[in-house]
There are 2 protein chains.
Amino acid sequence: MARPKPLSGFPELLPAQRMVEQAVIDIVRETFELHGFASIETRAVETMDSLTRKGEITKEVYVVRRLHAEPGETGDDLGLHFDLTVPLARYVLENSGHLQFPFRRYQIQKVWRGERPQEGRYREFTQADIDIVGENTLADHHDVEAPLVMLETLERLHGQLGLPPARMHVNNRKLSEGFYRGLGIEDTAAVLQRVDKFDKIGPDAVTELLTDELGLSGQVAAKCVELATICTEDDSFVGRVRELGVHSEMLDEGLDALAQVINAARIQVPGRMVADLKIARGLDYYTGTVYETVLVGYERLGSISSGGRYDSLATDGKRSYPGVGISLGLTRLLMPLLARGELAASRSVPSCVVVAVDTEQTRTTAMRVAAALRGRGIACEVAPKADKYGKQIRYADRRGIPYVWFGGVSGEVKDIRSGDQVAADARVWTPPKADARPRVIAGGQ
Amino acid sequence: MARPKPLSGFPELLPAQRMVEQAVIDIVRETFELHGFASIETRAVETMDSLTRKGEITKEVYVVRRLHAEPGETGDDLGLHFDLTVPLARYVLENSGHLQFPFRRYQIQKVWRGERPQEGRYREFTQADIDIVGENTLADHHDVEAPLVMLETLERLHGQLGLPPARMHVNNRKLSEGFYRGLGIEDTAAVLQRVDKFDKIGPDAVTELLTDELGLSGQVAAKCVELATICTEDDSFVGRVRELGVHSEMLDEGLDALAQVINAARIQVPGRMVADLKIARGLDYYTGTVYETVLVGYERLGSISSGGRYDSLATDGKRSYPGVGISLGLTRLLMPLLARGELAASRSVPSCVVVAVDTEQTRTTAMRVAAALRGRGIACEVAPKADKYGKQIRYADRRGIPYVWFGGVSGEVKDIRSGDQVAADARVWTPPKADARPRVIAGGQ
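Because the structure is predicted, anything quoted here is derived from the model rather than measured.

1. Digging into the overall build of chain A
Then, number 1: A tally of regular secondary structure across chain A gives 14 helices and 19 strands.
Then, number 2: Along the first, second and third principal axes, the C-alpha set of chain A runs to 90 × 60 × 45 Å.
Then, number 3: Residues counted as buried form 58% of the 445 residues belonging to chain A.
Then, number 4: The long-range fraction of contacts in chain A, counting pairs at least 24 apart against all pairs at least 6 apart in sequence, stands at 68%.
Then, number 5: Carbon and sulfur atoms make up 49% of the accessible area of chain A, which amounts to about 17900 Å² in all.
Then, number 6: Here chain A carries 56 positive and 62 negative side-chain charges, and the mean point of each set is 9 Å from the other.

2. Quick word on the relation of the copies chain A and chain B
Then, number 1: In the superposition of chain A on chain B (RMSD 0.0 Å, axial shift 0.0 Å), the rotation amounts to 180°. The superposition operator between the copies reduces to a two-fold rotation axis. Among all residues of chain A, the one whose C-alpha sits closest to the rotation axis is Val64(A), at a distance of 2.4 Å.
Then, number 2: Counting the interface residues of chain A, we find that 100% of their copies in chain B are interface residues as well, pointing to one common contact surface.

3. Some words on the UniProt feature "binding site: L-histidine" (unreviewed entry) in chain A
All names here are of chain A.
Then, number 1: The positions that UniProt labels "binding site: L-histidine" (unreviewed entry) are, in the present scheme, Asp-83, Leu-84, Thr-85, Arg-113, Gln-127, Asp-131, Arg-281, Tyr-285 and Tyr-286.
Then, number 2: Structurally, the position occupied by Asp-83 is in the loop between strand E4 (78–80) and helix H3 (85–95).
Then, number 3: Reaching out from Asp-83, the side chain makes a polar contact with the backbone nitrogen of Thr-85 at a distance of 3.1 Å.
Then, number 4: With respect to the helices, strands and loops of the structure, Gln-127 is situated in strand E6 (residues 124–133).
Then, number 5: By relative accessible area, Gln-127 is classed as buried at 9%.
Then, number 6: Those residues in contact with Gln-127 that sit more than four places away from it in its chain are Leu-84, Gln-107, Ile-108, Gln-109, Val-111, Arg-113, Ser-327 and Leu-328.

4. What about the pairing of strand E7 (residues 166–172) of chain B?
Residue and element names in this part refer to chain B.
Then, number 1: With respect to burial, E7 is a largely interior element, six of its seven residues being buried.
Then, number 2: Both E7 and strand E10 (residues 289–295) contribute to a ladder of seven bridges, which runs antiparallel. Across the sheet, the residue bridging to Asn-171 is Val-290, located in E10.
Then, number 3: Where E7 meets strand E9 (residues 273–276), three bridges bridge the pair, whose relative direction is parallel. Counterpart to Met-168 in the pairing with E9 is Met-273.

5. Considerations on the sheet that holds strand E10 (residues 289–295) of chain A
All names here are of chain A.
Then, number 1: Spatial ordering of the open sheet is given by E1-E5-E6-E12-E11-E10-E7-E9-E8, a layout of nine strands whose pairing is mixed. Each edge of the open sheet carries a strand with a single partner, namely strand E1 (38–39) and strand E8 (231–232).
Then, number 2: Two elements, strand E11 (residues 305–315) and strand E12 (residues 320–329), share eight bridges in a ladder whose sense is antiparallel. Bridge pairing in E12 places Gly-307 opposite Ile-326.

6. A short note on the side chain of Glu152(B)
Residues and elements named next belong to chain B.
Then, number 1: For Glu-152, the location among the structural elements is in helix H4 (residues 141–161).
Then, number 2: Side-chain polar atoms of Glu-152 contact the side chain of His-35, separated by 3.0 Å.
Then, number 3: Look past the residues within four positions of Glu-152 in its chain and what remains in contact with it is Thr-31, His-35 and Val-269.

7. A look at the sheet that holds strand E4 (residues 78–80) of chain B
Then, number 1: Pairing is antiparallel across the open sheet formed by six strands, whose spatial order is E2(A)-E4(A)-E3(A)-E3(B)-E4(B)-E2(B). The sheet is open, and its two borders are formed by strand E2 (45–47) of chain A together with strand E2 (45–47) of chain B, each paired with just one other strand. Along the sheet, successive strands turn relative to each other by an average axial angle of 40°, direction set aside.

8. Comments concerning the interface of chain A and chain B
Then, number 1: Counting residues at the interface gives 95 residues for chain A and 95 residues for chain B.
Then, number 2: In total, about 8200 Å² of surface goes out of reach between chain A and chain B, with carbon and sulfur atoms giving 54% of it.
Then, number 3: Counting across the chain A and chain B interface gives ten salt bridges.
Then, number 4: With a closest N to O distance of 2.8 Å, Asp26(A) and Arg29(B) form a salt bridge.
Then, number 5: It is helix H1 (residues 15–34) of chain A that contributes the most residues to the side of chain A that touches chain B, eight residues altogether.
Then, number 6: Residues that form the side of chain A that touches chain B fall into these classes: 42 nonpolar, 21 polar and 32 charged.
Then, number 7: In this sheet, strand E3 (residues 62–66) of chain B lies alongside strand E3 (residues 62–66) of chain A in antiparallel orientation, the contact comprising five bridges. Pairing of Val63(A) across the sheet is with Arg65(B), part of E3(B).

9. Describing the packing of aromatic side chains
Then, number 1: Applying the stated criterion across every chain yields a total of 17 aromatic pairs over all chains.
Then, number 2: On the basis of an interplanar angle of 80° and a centroid distance of 6.4 Å, the ring pair of Trp112(A) and Trp112(B) is categorised as edge-to-face. Residue Trp112(A) is found in strand E5 (residues 103–112), and its partner Trp112(B) is found in strand E5 (residues 103–112); the two belong to separate chains.
Then, number 3: On the basis of relative accessible area, Trp112(B) is assigned to the buried category, the value being 4%.
Then, number 4: Through a chain of ring-to-ring contacts, three or more aromatic side chains come together here, namely Tyr403(A), Trp405(A) and Trp429(A).
Then, number 5: The ring centre of Tyr395(B) lies 3.6 Å from the NZ or CZ of Arg399(B), which sits over that ring.
Then, number 6: Its end group placed over the ring of Tyr403(B), Arg417(B) keeps NZ or CZ at 5.5 Å from the ring centre.

10. Let's talk about the side chain of Ser305(A)
Then, number 1: Mapped onto the fold, Ser305(A) is located in strand E11.
Then, number 2: Look past the residues within four positions of Ser305(A) in its chain and what remains in contact with it is Met150(A), Tyr291(A), Glu292(A), Thr293(A), Ile326(A), Ser327(A) and Leu328(A).

11. Overview of the environment of Glu360(B)
Then, number 1: Counting through the fold element by element, Glu360(B) comes out in the loop between strand E14 (353–355) and helix H12 (363–375).
Then, number 2: The contact partners of Glu360(B), leaving out residues within four places of it in the chain, are His141(A), Pro384(B), Lys385(B) and Ala386(B).
Then, number 3: Among the polar contacts listed, one links the side chain of Glu360(B) to the backbone nitrogen of Ala386(B), at a separation of 3.3 Å.

12. A short note on a positive patch on the surface
Then, number 1: Taken together, the side chains of Lys388(A), Lys391(A), Arg394(A) and Arg398(A) present a region of like positive charge at the surface.
Then, number 2: Assignment of secondary structure puts Lys388(A) in the loop between strand E15 (380–382) and helix H13 (389–399).

13. Notes on the pattern of salt bridges
Then, number 1: Under the definition given, this model contains 62 salt bridges over all chains.
Then, number 2: The structure contains a network of salt bridges with shared partners spanning Glu12(A), Arg43(B), Glu46(B), Arg90(B) and Glu94(B).

14. Side note on the packing of helix H5 (residues 173–182) of chain A against helix H10 (residues 249–268) of chain A
All names here are of chain A.
Then, number 1: H10 packs onto H5 with a crossing angle of 155° between their chain directions and a minimal axis gap of 7 Å. The angle between H5 and H10 places the two elements in the roughly antiparallel class. Considering the relative orientation of H5 and H10, their crossing is left-handed. Mapping the contact onto sequence places Lys-174, Leu-175, Glu-177, Gly-178, Phe-179 and Arg-181 in H5 and Met-250, Leu-251, Glu-253, Gly-254, Leu-255 and Leu-258 in H10.
Then, number 2: Broken down by class, the residue content of the contact of H5 with H10 amounts to six nonpolar, two polar and four charged.

Reading the values: rules and limits
- Residues numbered from 1 in each chain as written.
- Chains lettered and ligands numbered in written order.
- Predicted model: local features only at pLDDT ≥ 70, side-chain atom pairs only at ≥ 80, totals over all residues.
- Heavy atoms only, no water.
- Helix = DSSP H or I, 4+ residues; strand = E, 2+ residues; numbered from the N terminus.
- Buried < 20%, exposed > 50% of the residue type's maximum accessible area, 1.4 Å probe, protein only.
- Contact = heavy atoms within 4.5 Å.
- Areas by Shrake-Rupley, 256 points an atom, 1.4 Å probe, with all protein chains shown as cover.
- Lys, Arg positive; Asp, Glu negative; His and termini not counted.
- Charge placed at Lys NZ, Arg CZ, Asp CG, Glu CD.
- Least-squares fit on C-alpha atoms with pLDDT ≥ 70 in both.
- UniProt positions renumbered as here; feature names shortened; annotations may be inferred.
- Polar contact = N/O pair within 3.5 Å; in protein donor to acceptor, adjacent residues only side chain to side chain.
- Pairing = 2+ DSSP bridges.
- Axes fitted to C-alpha atoms, helices over the stretch in contact; angles between N-to-C directions.
- Buried area = accessible area lost by both parts, 1.4 Å probe.
- Salt bridge = Lys/Arg side-chain N within 4 Å of Asp/Glu carboxyl O.
- Nonpolar A, V, L, I, M, F, W, Y, C, P; charged D, E, K, R; others polar.
- Phe/Tyr/Trp six-rings, centres within 6.5 Å; stacked < 30°, edge-to-face > 60°.
- Lys NZ or Arg CZ within 6 Å of the ring centre and 35° of its normal.
- Patch = residues over 30% accessible without salt bridge, like charges linked within 9 Å, V, L, I, M, F, W, Y side chains within 5 Å.
- Parallel < 35°, antiparallel > 145°, perpendicular 65-115°, else oblique.
- Left-handed = near helix turned anticlockwise from the far one by under 90°.

Here it is in structure tokens:
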């Protein structure tokens, strides 16, 4: 078998890179759980019927069938999920009788899209989603809660692992829509769609689209564009919108809701959130707050965490399930940082210690030392061969393992970085905390 | 949308069940890492070419293709992996220049097989594999190591979570093959294949197969069957084999290797391993030790953890990669225990505390309390509605959350099980350790 080539769009990690990913996922999970979100996993496949409900995404689905499926075999119309929202909607409907609402769940799983691979686009990638789903109703304060949980997660990744800091851009659909209505516009979705291109094409081109394609007057179009330029770190956006002299009840609602999110974020994660009134989010199921998030200094990666409020995640005819959620694109976030070595692990194995082996006859002695260390939570491995000690030290060195143990339970331990070797007892010796587990090293050091 | 029905063969868990699975995976991961195994994940898809190399499994593969694949599009010949060994072989070849050998890796991932669903058979299930892969050579002592790591894992699951104890049945292909050769048999694989049916059809039927189908003499067939009946908890199997009066060099090697495994297990995990000389393992790539594992009292589930030694996991022409590995069937192990409630979680959410809300105007006070608790690692959630306290307590009760907090950071905390309510400060109050995280409860209590 010749050496296989990587498959474009299906990134895989080397062991040391995977350690960084694991450290990230551990912090993500811990933060979600601290906020009371329960984990679920859903099957990788959904029926094509539920996957193709959102027309535009149809073409990106991977279809799955048994190689030797019999003709007419049922269960053949399956596809891999392309996000974790469609599966959540199905899971909630299927299990509603067994769930407590509001249902707070997180889900960290791979998803698949048959997109053309390019930088930042993958065919297989990992997402970490939180959603809060109500039965028939869901209080507005969850619109404040969901982005704060994600910002706290990103802040921990920044503080504990050295990932770049995040900046979340937040808007509220009611604010935009209420503003457009206050201007007398009926097809507000059409305006939103054009304003969504603001970052790509700039204000002048948007104004043109609004006047030429939608027939808005120059004055009305200018107001829409002026709204989109408002971006503030505090609730001063409220005053700036008011200055535009547009009024509607829905606008008031939106302003109030967005101010609440911004003010709460200023207390809990200061400096990480802005009110950015041009944020629209393409998918049309959002009905309230919408979020997008960039890594500071890595804005070119696009949004690494997005979401919002949707008033009808699912409905079974009798009951509806409104929700608010936000998704973190772990692969999109990590791959560029890992590929450039801007995040790395201090070693490629979990082991903190290699227990050297004198001769193959005394391997059981080394195994006893290892068992004593493991019994106290110290990861270690026994050297695979009773080589000369120099070779056994190199075995540790090549893997970045900091310590080599010589002799029995009462033996000696060498820090191979400094060369210091001291007498030690495997029943009590403990490595410095910084050495116990592989560490994540930021900044390519 | 009508309520969706579960998809046969694709089991999903409710949040409380998922907590049990997470607790199990955490212990599995921790134990593997204590032994120096590094985590990798491989993509869900492999080329059909590499998946269909083992002829017999072909029919169980799920093929994957883009819904709107263009005719002749490459990358279309993909299937979902049906185990974690084929991906490992490919990963090792692809990354051999970046790996350190012996390469110790663990992998906990879903796999897919298009099998007919039945009890204990799933179309999507989770496996946890460890393998040690050498470059050109791999020392025999790893044959002892791999099963001991898995037994230690199962012993921790038994001791810490209350899963049933495991019993591993071990044999060595060299022992059986050497024995058959000592009897003058040439097609030893054919004998092994028939002996593999011992548990299903019994000794008499196996004898018949050996004489009728393979033309062995009654005496030779009887020896083969006698060998298969030997099952001992210590190395006394060596004497019992010797008594059969068969000799060959390969037999000696096999006896010695198996005795080493058994003796090491008696020290490290006493009472959990037997030498069972009828164990054959159908797949023909094993070349040395082979393992099967049952849960005591749940033998009907079949083997929940199997593996062995293979001398050629992969080869690129220049180098070969021998390995030894063992796989734990997490879904097969857990689903029956979860379905009967023999394993359950003490609550359905991670939260240890619900922070009650007085009025919607003081929700920020409750948020401050929650932040103080989370800052010290206590999972909590703020009540979704400023209902009457009785309703907020019922919110906690329905989820199994043991504590409700009233008032501000200097407030009161109620243990809703006992009804005890005491003054407490959110900056210092700590729940009893047993309440901090959801616990796994065994035995359906």
